Amino acid sequence: MMVHATDSSDSAILLSKPSDEKPVVFERTIVEYEDLSERFKHGSKDFSRQFFHVYSIRLRALTEPLAERAKAKWGNVTIYKLADLEDAQGKRAVVIGTLYKHQELKPSILRELSEEQQLAPPTPRINYCSNKDQLFLEDEMLRIKIVGNHVNIKDMVTGIVCAVIGKENEDGTFDVEDWCFPGCVPRPAISASQNAGKLLLISGLDLANRVESMSLNLLTEWIDGMIGDPAIQREEASIVRVIIAGNSIRGSAEIHTSKGHSGGKAQDSAAAKETAFAAQRFDMFLSRIVESCCVTLMPGQFDPTNHMIPQQPLHPCILPKSARFKSLQGVTNPWVGRLGSRIVSGTSGQPIEDIMKVCDVSNVSPLVWLERTLSWRHYCPTAPDTLSSYPYYEKDPFIIEECPDIYFAGNMEKYESSLWKGEDGQTVRLICVPRFCDSGTAVLVDLDTLDAQAISFGSS
Amino acid sequence: MIRKQIDIYLEALAGYINDDDKLVTYKWLSKELGIHVNLSKQLLFEYWETQRVQKNHVISATFLLMGYVKEREMRVEVVKEDHMASAKEKFEKIISEHIYSLQKTLPEIELLAITDKGDSQLSAVHSSQSVLRSDHEMEVLRWGSALLANKQMKNNTQITAPKVRANANTESKLTDQAKNVKESGAKSTTNKTAAANSSAKTQKTAFNNFFAKAIDKQSKEKTSVKGVKSKPVASSSSLTTTSPHKNNWFEEKKKPISSDNKEAKENPENISDSKKPKLNEDKEKSPKTNLPKKNAWFEAKKKPPSTSDKEAKVQVESCSDSKKANVEKFEEKSPQTEKVSKQESAVKNLSSGKTGDKKKVASSSRGKKRKTSSKGENTNKKRKRIVVISSDESSDDSETRDDIEEPDSSEEPPQVVERVKSSPSPPLVKCEGGRRKVRKLVDKTFVDEDGYFVTQKEYVYESCSDKEEEMPVEAAKPSTADVAAKTANKRKQVSLLNFFKKS
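Residues numbered from 1 in each chain as written. Chains lettered and ligands numbered in written order. Predicted model: local features only at pLDDT ≥ 70, side-chain atom pairs only at ≥ 80, totals over all residues. Heavy atoms only, no water.

### Comments concerning the overall build of chain A
What counts, and what does not: Numbering of helices and strands starts at the N terminus; helices are DSSP runs of H or I of at least 4 residues and strands are runs of E of at least 2. Throughout this description, buried means an accessible area under 20% of the type-specific maximum (1.4 Å probe, protein chains only), exposed means over 50%, and partly exposed covers the range between. By definition, residues are in contact when any of their heavy atoms lie within 4.5 Å. Computed with the Shrake-Rupley method and a 1.4 Å probe, the accessible areas treat only the protein chains shown as cover for residues.
In terms of helices and strands, chain A carries 8 helices and 19 strands. Scored against the burial criterion, the 460 residues of chain A give a buried share of 55%. Here the contacts in chain A between residues at least 6 apart in sequence split such that 74% fall between residues at least 24 apart. Total accessible area computed for chain A in this model is approximately 20000 Å², and 52% of it derives from carbon and sulfur atoms.

### Quick word on the overall build of chain B
Scanning chain B from terminus to terminus reveals 21 helices and 8 strands. The 503 residues of chain B split such that 48% are buried. For chain B, the accessible surface area stands at approximately 25800 Å², while carbon and sulfur atoms represent 54% of it.

### Structural notes on the interface of chain B and chain A
To keep things clear, this is the line we draw: Once two parts are brought into contact, the accessible area they lose, counted with a 1.4 Å probe and summed over both, makes up the buried area. Here, a salt bridge means any Lys or Arg side-chain nitrogen found within 4 Å of an Asp or Glu carboxyl oxygen.
Of the residues lining the interface, 69 residues belong to chain B; the matching set on chain A comes to 64 residues. In total, about 6100 Å² of surface goes out of reach between chain B and chain A, with carbon and sulfur atoms giving 54% of it. At the boundary of chain B and chain A, one finds 4 salt bridges. For Glu-137 of chain B, the salt bridge identified is with Lys-326 of chain A, shortest N-O distance 3.7 Å.

### A look at the pattern of salt bridges
Pairing is possible between side chains that carry opposite charge, provided their charged atoms lie close to one another. Under the defined criterion, the tally for this structure stands at 28 salt bridges over all chains. Among the ionic pairs, Glu-34 of chain A bridges to Arg-338 of chain A, the shortest N-O distance being 2.8 Å. Of this pair, Glu-34 of chain A sits in strand S2 (residues 33–35) while Arg-338 of chain A sits in strand S13 (residues 335–339), and the two are 304 residues apart along the sequence. Ionic pairing is found between Arg-324 of chain A and Asp-135 of chain B, a salt bridge with its closest N-O pair at 3.2 Å. Highlighted residues: Arg-324 of chain A in the loop between strand S11 (294–298) and strand S12 (328–330) and Asp-135 of chain B in helix H5 (residues 135–143), drawn from two different chains. Residues joined in a network through salt bridges with shared partners are Arg-39, Lys-395, Glu-401 and Glu-402 of chain A.

### Examining the packing of aromatic side chains
Residue and element names in this part refer to chain A. The following threshold applies: Stacked, tilted and edge-to-face pairs are distinguished by plane angle, under 30 degrees for stacked and over 60 for edge-to-face with tilted covering the rest, among Phe, Tyr and Trp rings (Trp via its six-membered ring) whose centres lie within 6.5 Å.
Here the structure, examined in full by the defined rule, presents 17 aromatic pairs over all chains. Between Tyr-33 and Trp-335, the aromatic rings sit 6.4 Å apart at their centres with planes inclined by 20 degrees, giving stacked as the arrangement. Of this pair, Tyr-33 sits in strand S2 while Trp-335 sits in strand S13, and the two are 302 residues apart along the sequence. Owing to a relative accessible area of 0%, Trp-335 belongs among the buried residues under this scheme. Geometrically, the ring pair formed by Phe-436 and Phe-457 is tilted, given 6.3 Å between the ring centres and 45 degrees between the ring planes. With a gap of 21 residues between them, Phe-436 in helix H8 (residues 436–439) and Phe-457 in strand S19 (residues 452–459) connect regions that are remote in the sequence. A single burial state applies to Phe-436 and to Phe-457, both of which are buried.

### Here's the deal with the pairing of S11 of chain A
Residue and element names in this part refer to chain A. Rules: Note on pairing: two strands pair once DSSP finds at least 2 bridges between them.
Summarising burial for S11: 5 of the 5 residues are buried, a large majority. Burial along S11 is two-sided: the residues Cys-294, Thr-296 and Met-298 and Val-295 and Leu-297 are all buried. Inspection of the sheet shows strand S10 (residues 239–245) paired to S11 by 5 bridges, in the parallel sense. Opposite Ile-243, over in S11, you have Thr-296 as the bridge partner.

### Looking at the side chain of Glu-416 of chain A
All names here are of chain A. Here is the rule: The charge count treats Lys and Arg as positive and Asp and Glu as negative. His and the chain ends do not count.
Mapped onto the secondary structure, Glu-416 falls in strand S16 (residues 416–421). Here Glu-416 sits buried without a salt bridge, and the closest side chain of opposite charge, Lys-414, lies 4.2 Å off (N-O distance). When near neighbours in sequence (up to four residues on either side) are disregarded, Glu-416 contacts Ser-365, Pro-366, Leu-367, Leu-430, Ile-431 and Cys-432.

### Details of the pairing of strand S18 (residues 441–446) of chain A
All names here are of chain A. Taken across its 6 residues, S18 has 5 buried, putting it largely inside the fold. Summarising the sheet, S18 and S19 pair through 5 bridges and their orientation is antiparallel. Pairing of Ala-442 across the sheet is with Ile-455, part of S19. The turn joining S18 and S19, which pair antiparallel and follow one another in sequence, is formed by 5 residues; a positive phi near 65 degrees is taken by Leu-450.

### Remarks on the packing of helix H1 (residues 3–19) of chain B against helix H2 (residues 26–33) of chain B
A packed helix pair is summarised by two numbers, namely the angle formed by the two axes and the spacing between the axes. Residue and element names in this part refer to chain B. Applicable threshold: Interaxial angle, 0 to 180 degrees, is taken between N-to-C directions of lines fitted to C-alpha atoms, where a helix line uses only the stretch in contact. By the definition adopted for this analysis, an angle is roughly parallel if under 35 degrees, roughly antiparallel if over 145, roughly perpendicular if from 65 to 115, and oblique otherwise. Crossings are sorted by hand: turned counterclockwise from the far helix by less than a right angle, the near helix makes the crossing left-handed, and turned clockwise it makes it right-handed. Amino acid classes used here: Ala, Val, Leu, Ile, Met, Phe, Trp, Tyr, Cys and Pro are nonpolar; Asp, Glu, Lys and Arg are charged; the rest, including Gly, are polar.
Running from amino to carboxyl end, H1 crosses H2 at an angle of 125 degrees, the nearest separation of the two axes being 12 Å. In terms of orientation, H1 and H2 fall into the oblique class. Considering only the axes of H1 and H2, their crossing is right-handed. Here Tyr-9, Ala-12, Leu-13 and Tyr-16 of H1 come into contact with H2, specifically with Trp-28, Leu-29, Glu-32 and Leu-33. Residue composition of the contact of H1 with H2, by class: 7 nonpolar, no polar and 1 charged.

### Concerning the nonpolar core
All names here are of chain A. Counted only if it meets this: Each nonpolar core is a collection of buried residues, namely Ala, Val, Leu, Ile, Met, Phe, Trp, Tyr and Cys, held together in the definition by side-chain atoms within 4.5 Å.
Among the nonpolar cores identified, the biggest contains 79 residues, and Leu-200, Leu-219, Trp-222 and Phe-282 are the most heavily contacted of them. Once you skip the residues sitting within four places of it in the chain, Phe-282 turns out to touch Leu-205, Leu-207, Ile-244, Ser-248, Ile-249, Leu-297 and Leu-319. Core analysis: the next-biggest nonpolar cluster, separate from the first, contains 56 residues, Val-157, Phe-174, Cys-380 and Cys-432 among them.

### Some points on the sheet that holds strand S3 (residues 73–80) of chain B
Adjacent strands of a sheet pair through backbone hydrogen bonds, lying either parallel or antiparallel. Ordered by their spatial adjacency, 10 strands build an open sheet running S12(A)-S11(A)-S10(A)-S9(A)-S18(A)-S19(A)-S3(B)-S2(B)-S4(B)-S1(B), and the pairing between neighbours is mixed. Of all strands in the sheet, those with a lone pairing partner are S12 of chain A together with strand S1 (24–25) of chain B, marking the two edges. As judged from the 5 bridges shared by strand S9 (residues 198–202) of chain A and S10 of chain A, these two strands associate in the parallel manner. In the sheet register, Leu-199 of chain A faces S10 of chain A, and the bridge partner there is Arg-241 of chain A.

### Brief notes about the sheet that holds S13 of chain A
Residues and elements named next belong to chain A. Overall, mixed pairing links the 6 strands, which are arranged S2-S13-S14-S15-S17-S16 in an open sheet. Where the open sheet ends on each side, the last strands, each with one partner, are S2 and S16. Averaged over neighbouring strand pairs, the angle between their axes works out to 20 degrees when direction is ignored. Both S2 and S13 contribute to a ladder of 3 bridges, which runs antiparallel. Opposite Glu-34, over in S13, you have Arg-338 as the bridge partner.

### As for the environment of Met-66 of chain B
Here Met-66 of chain B shows up in strand S2 (residues 60–70). Measuring from C-alpha to C-alpha, the distance between Met-66 of chain B and Glu-97 of chain B comes to 6.1 Å, with 31 residues separating the pair along the chain. Setting aside anything within four residues of it in sequence, one finds Met-66 of chain B in contact with Trp-222, Ile-232 and Glu-236 of chain A together with Arg-75, Val-76, Phe-91, Lys-93, Ile-94, Ile-95 and Ser-96 of chain B.

### Describing the confidence of the model for chain B
Residues and elements named next belong to chain B. Put simply, the test is: Every residue is assigned a pLDDT by the predictor, reflecting its confidence on a scale from 0 to 100.
Residue-level pLDDT values for chain B average 59, and 34% of them are 70 or greater. Every residue in residues 344–384 scores below 50 in pLDDT, and together they form 98 contacts with partners more than four places removed in sequence or on other chains. Segment residues 386–423: pLDDT under 50, and 66 contacts once partners within four positions in sequence are set aside and those in other chains are kept.

### What to know about a negative patch on the surface
Under the convention used in this document: Patch membership needs two things, relative accessible area over 30% and no salt bridge, and members are linked within 9 Å if like-charged or within 5 Å if nonpolar (Val, Leu, Ile, Met, Phe, Trp, Tyr). In this description, the location of a charge corresponds to atom NZ of lysine, CZ of arginine, CG of aspartate or CD of glutamate.
Taken together, the side chains of Asp-19, Asp-20, Asp-21 and Glu-32 of chain B present a region of like negative charge at the surface. Using a relative accessible area of 43% as the deciding quantity, one classes Glu-32 of chain B as partly exposed.

### Some thoughts on the side chain of Arg-241 of chain A
Residue and element names in this part refer to chain A. The condition is simple: We call two N or O atoms a polar contact when they sit within 3.5 Å, provided that within protein one can donate a hydrogen and the other can accept it, with sequence-adjacent residues counted only if both atoms are side-chain atoms.
With respect to the secondary-structure elements, Arg-241 resides in strand S10. For the buried Arg-241, which has no salt bridge, the nearest side chain bearing the opposite charge is Asp-35, at an N-O separation of 8.4 Å. Among the polar contacts listed, one links the side chain of Arg-241 to the side chain of Gln-329, at a separation of 2.8 Å. What Arg-241 contacts, discounting residues up to four positions off in sequence, is Tyr-33, Lys-198, Leu-199, Leu-200, Cys-293, Cys-294, Val-295, Thr-296, Gln-329 and Leu-339.

Shown next as structure tokens:
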């Protein structure tokens with residue numbers, strides 16, 4: 001007797017009595033996998049350098065593609081150095097440089113020191129944006145203030161390399177007519193190979209602050225191919241890889257245990273214990289997934305690894321059980337990899353979060369910022385200004401070198417996705433992966449069609 | 001599927017739900033019975049339906065719903081049987097549903113989260129890529145390939161030399177206990193690569209040395225000296241101070257202390273020259289009688305690993321013999337003060353006579369050692385470790401030891417003070433920043449380039465602890481008291497006339 005009749009006959013199998021049929025077992029789809037983020041891995045660390053080099057090498061690397069694009073956009077124009085701008089004699093001129101956004105509200109260690117007498121520390125701000133913000137363009141030697149009606153200061157962040165066309169005013173400012181960004185990296189012609197399989201993205205499990213939840217259980221069972229009927233399980237078997245985009249062990253700096261007891265050392269040790277316990281639970285969770293599926297594990301802002309980006313892979317000793325499986329790959333954040341013929345890249349969310357702090361949050365969705373970082377050709381332009389990063393001096397690894405097919409940012413407020421089409425015919429699936437602890441939502445991407453869909457777990 | 005089998009399963013299921021009052025989820029059931037998850041779901045359904053038909057509706061069920069809430073948004077949800085209808089309204093299209101769990105009552109659906117996770121081997125999806133990493137791969141993953149290579153090289157240079165000897169020594173004479181240690185050590189070390197192995201080995205040998213020593217001591221108390229001699233003496237490294245050595249040095253030491261410097265020079269020739277002057281020096285500089293003894297003990301430790309067991313034993317014999325003679329000679333020659341002879345007799349009692357008495361000497365030496373350690377002078381970690389062992393094994397004859405020791409520690413000081421005065425060495429005690437500091441002999445142990453442990457003696461000034469303070473204070477007390485008495489006498493006005501005279 002069927003109580004809950006459904007329109008699919010396949011789904012009725014499990015609402016029937018056991019039959020003589022042999023239960024089906026599906027073999028998980030295998031897709032070639034390659035980690036392309038070697039450039040984010042630290043060799044020997046050298047913190048003696050200053051951050052100035054990051055900007056100079058970034059500018060040097062992006063000047064050439066920018067000059068090309070500027071010429072394509074504005075015809076045959078002369079590109080000036082800021083120092084030679086006087087030669088233009090008030091005519092239209094193109095200048096290439098790095099943007100610097102002057103923000104009074106931006107946290108500054110020098111100001112903090114000078115205001116040490118303040119009794120209460122100022123509350124951390126949601127964003128540093130104000131109406132007094134000013135925009136400058138810097139090249140290797142000079143800087144010039146940017147003005148004009150075409151300037152939307154709120155859309156710009158420090159660290160973007162761009163070309164501007166306009167005129168120098170008499171007061172030494174630069175009146176901008178138009179902008180040109182490096183643009184998304186052109187994609188080499190790809191072989192039309194079939195990409196079977198699906199990619200699952202999750203982020204923000206935050207096990208330090210969440211108890212064992214039904215949604216997490218269901219997620220595991222779904223990935224493992226335990227729930228559902230054979231038709232569903234066939235779908236589940238096509239998940240070729242799970243990408244965990246950060247903040248799996250800890251999702252915020254909050255400490256929950258032993259609050260109000262004693263600060264300092266006691267609290268530190270309590271936090272350490274909490275993290276260790278959460279890491280253990282994460283290891284349990286992960287070990288069940290890696291038993292039947294490949295996992296790419298990225299660290300996040302609050303995970304127990306280095307804080308500066310690029311964050312290095314979580315150490316295998318943190319995850320003793322799951323690290324034994326070959327199916328677990330600990331990777332850096334940001335990360336670039338290849339699945340079949342698809343290039344997948346993304347971050348655990350810090351760059352986008354930071355851009356939103358620098359700009360006004362309210363009107364622009366993170367998805368737009370994600371798209372803009374593509375056209376800026378840089379994963380995290382605000383590093384090292386407001387986002388701490390390693391002081392590179394030979395090469396800026398955050399410059400986007402390859403056009404991704406799937407480009408994601410983890411730990412976002414809510415799920416968003418769009419298919420972005422570039423000027424050179426690039427198609428990029430942009431995804432904001434929501435925090436799982438809040439939404440219980442993961443994102444499933446079809447590697448063949450680049451279709452994305454959210455899948456949420458829960459109970460009611 | 002054979003019907004009979006299913007009936008057995010159903011019966012078991014009924015038991016789990018009704019008798020054991022379990023939250024029976026499909027995954028738990030599949031793990032418990034070792035069946036495929038889909039079969040498990042069907043079993044739950046059959047049981048649930050028979051219960052419904054029979055109208056004795058005592059069990060509650062939860063269902064799993066899977067479907068699309070809207071375009072491109074899937075939802076997986078577990079709902080209670082009662083809320084099925086309302087839950088289904090949320091879905092645009094349901095693509096799958098099945099029983100998730102059966103139980104008597106379920107107050108909170110989240111309770112299901114803490115049930116067993118099931119066995120992924122019984123799921124409908126298997127992965128050929130989920131294989132375990134080999135031990136070597138793990139090692140590389142953990143330490144990085146470059147670091148690992150580095151480590152391996154270091155290990156090789158550091159370990160091989162001492163290890164070989166240690167192994168030769170211990171492996172041949174392993175007692176059962178040591179073997180046990182080895183086994184457990186092997187078990188605990190999961191890393192089986194070359195690097196890990198070598199490190200584990202050093203650990204093991206250290207353990208073995210340690211135990212061999214302990215066993216050595218234990219058995220020595222039971223057996224005669226001959227037995228002791230045949231016992232394994234792990235001399236591979238400075239780690240291992242063997243008790244024969246100790247005795248040897250202890251006895252040697254004792255004499256110089258009780259006699260004066262001249263006597264000391266007549267010490268047995270068997271002692272190597274390099275050690276002799278040092279001993280004398282020690283004696284001169286040491287503030288307490290305990291210290292030289294300790295030093296002697298250190299000396300034994302310091303003995304380079306190259307001295308073979310045999311040599312050491314020969315030394316033991318000859319030393320003790322000559323000492324015996326010495327002691328006797330001394331007694332005849334110089335019937336010094338009461339206290340000295342008293343102590344001497346104690347020494348004689350122990351060292352002369354039968355060789356079997358050696359055991360007593362050993363124990364007494366150990367007792368003193370313990371005493372020194374209790375004084376809080378212990379700075380050497382290794383020594384501490386040995387002390388711990390000896391203290392609990394020799395607790396039985398502690399009374400006799402105390403008898404011997406007491407005069408020793410209480411009556412020696414005067415002599416020591418004398419010696420200190422005559423010696424040209426730096427002062428024992430000095431004041432620095434208002435803090436009393438005592439010059440002490442401390443040994444530093446480190447591993448040299450060749451992998452040997454080297455123990456060096458150094459004199460350092462240390463601020464003295466409470467216990468150390470006692471002795472010097474005691475010595476100083478009478479004099480200050482005298483002076484005080486004298487001055488008090490001087491000041492005292494003898495008569496009325498005196499007063500007027502002064503003025």
